[in-house]
Amino acid sequence: MSNPLVGSVHALKRRPQSAEALELLHRLSAQVRPIMAARKWRVQVLREFFPTNPNLLGLNVNRGQEIRIRLRPSHDATQFLPFYDLLGTMLHELVHIVRGPHDAEFYRMLDELKAEAEVLLAKGYRGDGFFSEGTRVGVGVSHNVPRHGLREQTVRAVEARRRREMLGGPPRTLGGAGNWVAVQARNTPARMAALAMERRLKDEKWCGESMAGAVSATQPDSDDDIVEVVRLTTVSCEPIEIHDSDSEPEHIHVIDD
């Protein structure tokens, strides 16, 4: 069970390597389980889609009733997009469960999720069960850390993951909150407003939340072309705390403004 907070997972059956696509969706689902549990978020369906619009990467239908993720580049359905890019899309669409518009509050929440995801990756967390790398999982999450602490924690997490992945090349980042907080510290409010506008315009080119007709335009592809796993009937919303296997427990924090 990759994530009991996700009801069912669907991959495109008539596309190449559908089994690999299904496993990739389960990996994404597993990776965000602690983030969802800390907020008691649920997603009824997580689904691969391959929309005709080449720019469309993700879509949240009815605040978590269904999340659709493009796994493959538009020019080649036999390949998959990098996992860290897909994880960034997944986190973005999760925020749409509670926040629709791409405004300041949306990006504040998204940066929190990215920071938490970086910490989880740095600790070696890859989900529970089949996806786990032996990381111990407990309960209880603290939500009290100042904004500057979020930046420091994220930077440490990225550096730790860089050391872990040294043999695999440079680490991919999620456009982490640490970077955004650092930008805030050295820019005027007017400049930050301009940067926020640039960020919103960029995201609205690929996120279905701001595309008129995106839900209906991608529905046939989703309905007729799926592999379905067993739908889960019970879920657990207990918060999850990730521990390093060789150190004292360290909390994953979220900012409360």
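Residues numbered from 1 in each chain as written. Predicted model: local features only at pLDDT ≥ 70, side-chain atom pairs only at ≥ 80, totals over all residues. Heavy atoms only, no water.

## Some remarks on the overall build of the protein
- Of regular secondary structure, the protein possesses eight helices and seven strands.
- Taken over 257 residues, the protein has a buried fraction of 53%.
- For the protein, contacts bridging at least 24 residues in sequence account for 73% of all contacts bridging at least 6.
- When the accessible area of the protein is evaluated, it comes to approximately 12200 Å², of which 52% is carbon and sulfur surface. (Helix = DSSP H or I, 4+ residues; strand = E, 2+ residues; numbered from the N terminus. Buried < 20%, exposed > 50% of the residue type's maximum accessible area, 1.4 Å probe, protein only. Contact = heavy atoms within 4.5 Å. Areas by Shrake-Rupley, 256 points an atom, 1.4 Å probe, with all protein chains shown as cover.)

## A closer look at the environment of Asp 203
- Secondary-structure assignment places Asp 203 in helix 7 (residues 189-203).
- It is 9.4 Å that separates the C-alpha atoms of Asp 203 and His 92, two residues lying 111 residues apart in sequence.
- If sequence neighbours within four positions are ignored, Asp 203 has contacts with His 92 and Tyr 107.

## Quick word on the pairing of strand 1 (residues 6-12)
- Most of strand 1 sits out of view: seven of its seven residues are buried.
- Here strand 1 runs beside strand 2 (residues 43-48); their pairing, made up of four bridges, is parallel. Residue His 10 lies in a different strand from strand 2, and its bridge partner there is Arg 47. (Pairing = 2+ DSSP bridges.)

## Remarks on helix 1 (residues 18-31)
- A rise of 1.5 Å per residue sets the reference length of helix 1, with its 14 residues, at 20 Å; its end C-alpha atoms lie 20 Å apart and thus fit the reference within 8%.
- Taken together, the buried positions of helix 1 are occupied by Ser 18, Ala 21, Leu 22, Leu 24, Leu 25, His 26, Leu 28, Ser 29, Ala 30 and Gln 31. (Expected span 1.5 Å × (residues − 1).)

## Looking at the packing of aromatic side chains
- Under the criterion given, the structure shown has two aromatic pairs.
- Ring geometry for Phe 83 against Tyr 84: centres 6.1 Å apart, planes inclined by 65°, an arrangement best described as edge-to-face.
- Ring centres of Phe 106 and Tyr 107 lie 5.2 Å apart, and the angle between their planes is 90°; on these two criteria the pair is classed as edge-to-face. One exposure class covers both Phe 106 and Tyr 107, and it is buried.
- Sitting over the face of the ring of Phe 83, Arg 27 holds its NZ or CZ atom 4.0 Å from the ring centroid.
- Sitting above the plane of the Phe 50 ring, Arg 70 keeps its charged end 5.1 Å from the centroid. (Phe/Tyr/Trp six-rings, centres within 6.5 Å; stacked < 30°, edge-to-face > 60°. Lys NZ or Arg CZ within 6 Å of the ring centre and 35° of its normal.)

## Here we look at the nonpolar core
- Among the nonpolar cores identified, the biggest contains 38 residues, and Met 36, Leu 71, Leu 87, Leu 91 and Leu 94 are the most heavily contacted of them.
- Among the secondary structure elements, those contributing two or more residues to this core are strand 1, helix 1, helix 2 (33-39), strand 2, strand 4 (66-69), helix 3 (83-95) and helix 4 (104-122).
- Every residue in contact with Leu 71, bar those within four places of it in the chain, is listed here: Ala 21, Leu 24, Leu 25, Leu 28, Glu 48, Phe 49, Gln 79, Phe 80, Leu 81 and Leu 86.
- Within the second largest apolar cluster, five residues are counted, among which are Phe 49, Leu 59, Val 61 and Met 211. (Core = buried A, V, L, I, M, F, W, Y, C linked by side-chain atoms within 4.5 Å.)

## Remarks on the packing of helix 3 against helix 4
- Following both chains from N to C, one finds helix 3 and helix 4 inclined at 140°, their axes separated by 9 Å at the closest point. In terms of orientation, helix 3 lies oblique with respect to helix 4. The handedness of the crossing between helix 3 and helix 4 comes out as right-handed. Mapping the contact onto sequence places Tyr 84, Leu 87, Leu 91, His 92, Leu 94 and Val 95 in helix 3 and Phe 106, Met 109, Leu 110, Leu 113, Lys 114, Ala 117 and Leu 121 in helix 4.
- Across the contact of helix 3 with helix 4, the residue classes break down as 11 nonpolar, one polar and one charged. (Axes fitted to C-alpha atoms, helices over the stretch in contact; angles between N-to-C directions. Parallel < 35°, antiparallel > 145°, perpendicular 65-115°, else oblique. Left-handed = near helix turned anticlockwise from the far one by under 90°. Nonpolar A, V, L, I, M, F, W, Y, C, P; charged D, E, K, R; others polar.)

## Details of the confidence of the model for the protein
- Within the protein, residue pLDDT values average 74, and 60% of them lie at 70 or more.
- The element-level mean pLDDT for the protein is lowest in strand 5 (residues 136-138), coming to 39, with helix 2 highest at 96.
- For the stretch residues 230-257, pLDDT sits under 50, and the model shows 96 contacts to residues farther than four places along the chain or on other chains. (pLDDT = per-residue confidence, 0-100.)

## Looking at the environment of Pro 54
- Looking at where Pro 54 falls in the secondary structure, it is placed in the loop between strand 2 and strand 3 (58-61).
- Those residues in contact with Pro 54, other than ones at most four positions away along the chain, are Arg 70 and Ser 74.

## Quick notes on helix 3
- Taking 1.5 Å per residue, 13 residues should reach 18 Å; helix 3 reaches 19 Å between its end C-alpha atoms and fits that length.
- Most of helix 3 is tucked away, with 12 of its 13 residues classed as buried.
- The complete set of buried residues in helix 3 reads Phe 83, Tyr 84, Leu 86, Leu 87, Gly 88, Thr 89, Met 90, Leu 91, His 92, Glu 93, Leu 94 and Val 95.

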